[in-house]
Amino acid sequence: MKIIAGNWKMNGSRSALESMIHDLESVDTENKVILCVPFTMLGVKSDRVATGSQDVSAHTHGAFTGEVSAAMVADTGAKYAIVGHSERRAYHNETNDIVRAKATQALANGITPIICVGETMDEKQAGKTMEIIESGVRESIPTDASSDIIIAYEPRWAIGAGLTPTDAEIEEAHTLIANILADMGLAGTPVLYGASVKGSNAAQIMSIPNVDGVLVGGASLKSDDFIPIITSVK
Ligand code: PGA
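Conventions and cut-offs
Residues numbered from 1 in each chain as written. Predicted model: local features only at pLDDT ≥ 70, side-chain atom pairs only at ≥ 80, totals over all residues. Heavy atoms only, no water. Helix = DSSP H or I, 4+ residues; strand = E, 2+ residues; numbered from the N terminus. Rg over C-alpha atoms; globule rule 2.2 N^0.38 Å. Buried < 20%, exposed > 50% of the residue type's maximum accessible area, 1.4 Å probe, protein only. Contact = heavy atoms within 4.5 Å. Areas by Shrake-Rupley, 256 points an atom, 1.4 Å probe, with all protein chains shown as cover. Lys, Arg positive; Asp, Glu negative; His and termini not counted. Charge placed at Lys NZ, Arg CZ, Asp CG, Glu CD. 1 Å grid on protein atoms, 1.4 Å probe; cavity = no way out; pocket = protein on both sides within 12 Å on 5 of 7 lines; lining within 4 Å. Points joined across faces, edges and corners; volume = space filled by probe spheres on them. Nonpolar A, V, L, I, M, F, W, Y, C, P; charged D, E, K, R; others polar. Near = heavy atom within 4 Å. Polar contact = N/O pair within 3.5 Å; in protein donor to acceptor, adjacent residues only side chain to side chain. Pairing = 2+ DSSP bridges. Axes fitted to C-alpha atoms, helices over the stretch in contact; angles between N-to-C directions. Expected span 1.5 Å × (residues − 1). Arc of directions from axis to C-beta.

### A closer look at the overall build of the protein
Working step 1: Scanning the protein from terminus to terminus reveals 9 helices and 8 strands.
Working step 2: For a compact globule of 234 residues, the expected C-alpha radius of gyration is about 17 Å, and the protein comes in at 16 Å, within 12% of that figure.
Working step 3: The principal-axis extents of the C-alpha atoms in the protein amount to approximately 45 × 45 × 30 Å.
Working step 4: Going through the 234 residues of the protein one by one, you find that 49% of them count as buried.
Working step 5: A sequence separation of at least 24 residues applies to 71% of the contacts in the protein between residues at least 6 apart.
Working step 6: As displayed, the protein has an accessible area near 10,500 Å², and 49% of this comes from carbon and sulfur atoms.
Working step 7: Seen as two clouds, the 18 positive and the 29 negative side-chain charges of the protein have centres 3 Å apart.

### Observations concerning the layout of surface pockets
Working step 1: Size it by volume and the largest pocket reaches roughly 420 Å³.
Working step 2: Along the wall of the largest pocket there are 20 residues; nearest its centre are F39, Q54, D55, R88 and H92.
Working step 3: Broken down by element, the lining of the largest pocket gets its largest block of residues, 3 residues, from helix α3 (residues 86-91).
Working step 4: Residues that form the lining of the largest pocket fall into these classes: 8 nonpolar, 7 polar and 5 charged.
Working step 5: Quantified by volume, the second largest pocket comes out at close to 200 Å³.
Working step 6: Lining the second largest pocket are 17 residues; nearest its centre among them are G160, S196, V197, G217 and G218.
Working step 7: The class makeup of the residues in the lining of the second largest pocket is 6 nonpolar, 8 polar and 3 charged.

### Observations regarding the site of the ligand
Working step 1: Taken together, N7, K9, H85, E154, I159, G160, A195, S196, L215, V216, G217 and G218 form the complete shell of residues around the ligand.
Working step 2: Here H85 contributes a side-chain N or O atom positioned 2.7 Å from an oxygen atom of the ligand.
Working step 3: At 2.8 Å, a backbone N or O of G217 approaches an oxygen atom of the ligand.
Working step 4: Look at the ligand: alone it shows 280 Å² of surface, and the protein chains cover 95% of it.
Working step 5: Residue composition of the shell around the ligand, by class: 4 nonpolar, 6 polar and 2 charged.

### Section: the side chain of T189
Working step 1: On the secondary structure map, T189 appears in the loop between α7 (167-183) and β7 (191-194).
Working step 2: A polar contact of 2.7 Å, which involves the side chain of T189, links it to the backbone oxygen of L186.
Working step 3: Excluding anything up to four places from it in sequence, T189 contacts S147, I149, I150, I151, L181 and D212.

### A few points about the sheet that holds strand β6 (residues 150-153)
Working step 1: Taken in spatial order, the 8 strands line up as β1-β2-β3-β4-β5-β6-β7-β8 and close into a barrel, and their pairing is parallel. Ignoring strand direction, the axes of neighbouring strands in this sheet form an average angle of 25°.
Working step 2: Of the pairings in the sheet, the one linking strand β5 (residues 112-117) to β6 comprises 4 bridges and is parallel in character. Among the inter-strand pairings, C116 is bridged to a residue of β6, identified as A152.

### Focus: helix α6 (residues 129-140)
Working step 1: Helix length check: α6 (12 residues) gives 16 Å between terminal C-alpha atoms against 16 Å at 1.5 Å per residue, within 8%.
Working step 2: Along α6, the positions that sit buried rather than exposed are T129, I132, I133, G136, V137 and S140. Along the axis of α6, the buried residues cluster in a sector spanning 125°; they form a single face.
Working step 3: In this structure, the buried side of α6 is in contact with α3, α4 (96-108), β5, α5 (121-125), β6 and α7.

Here it is, written out as structure tokens:
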């Protein structure tokens, strides 16, 4: 069983989500399918597809205009929340400390955080990939986290760029993350790969050791693109 998570980013509509869920309901798969959608689309119900948000506030409640708390996300029936996506880290200056505070809020409200880590092109070129992954994992996970978290390794330079690391690079990153998680007492935590996943590369990527699924951006928006990813592995 693999986890196939879609990240719609700032795209779609409630009717597009309803139509996607309708299409996904007839897909024969044992894989776990999660759609992380804009806050306004949460609350669309499905027995087959779990929903998640793309962020939660680091705060519980109060005077934080425009923020949405983890409790509010949970109140819609959503079970997951992406935290620390590279676009949040890049455009909203989210640090590992902020990401950890958000993941803490998610866990406190029964939401499984999908915690994203990954290196920029500059960091990759400076030979810092493993260092950034290690600090991202160690510093973004709440200290008292149980195993109810998901990690997504997303090389930031490859997101939305049609680029992917080599299989050996993905394996090296995922093996490092699995070892760090074991060291943190979180062995068995699923680790997803994300960045430019599509129907034509999904099966190969998910055959790499320690890759427990994928986090899919652009190719999760249309069922013609997303379903082949879901059915590419048993
Ligand atoms: P992409 O995005 O699949 O469009 O590269 C992945 C992500 O940002 O989660």
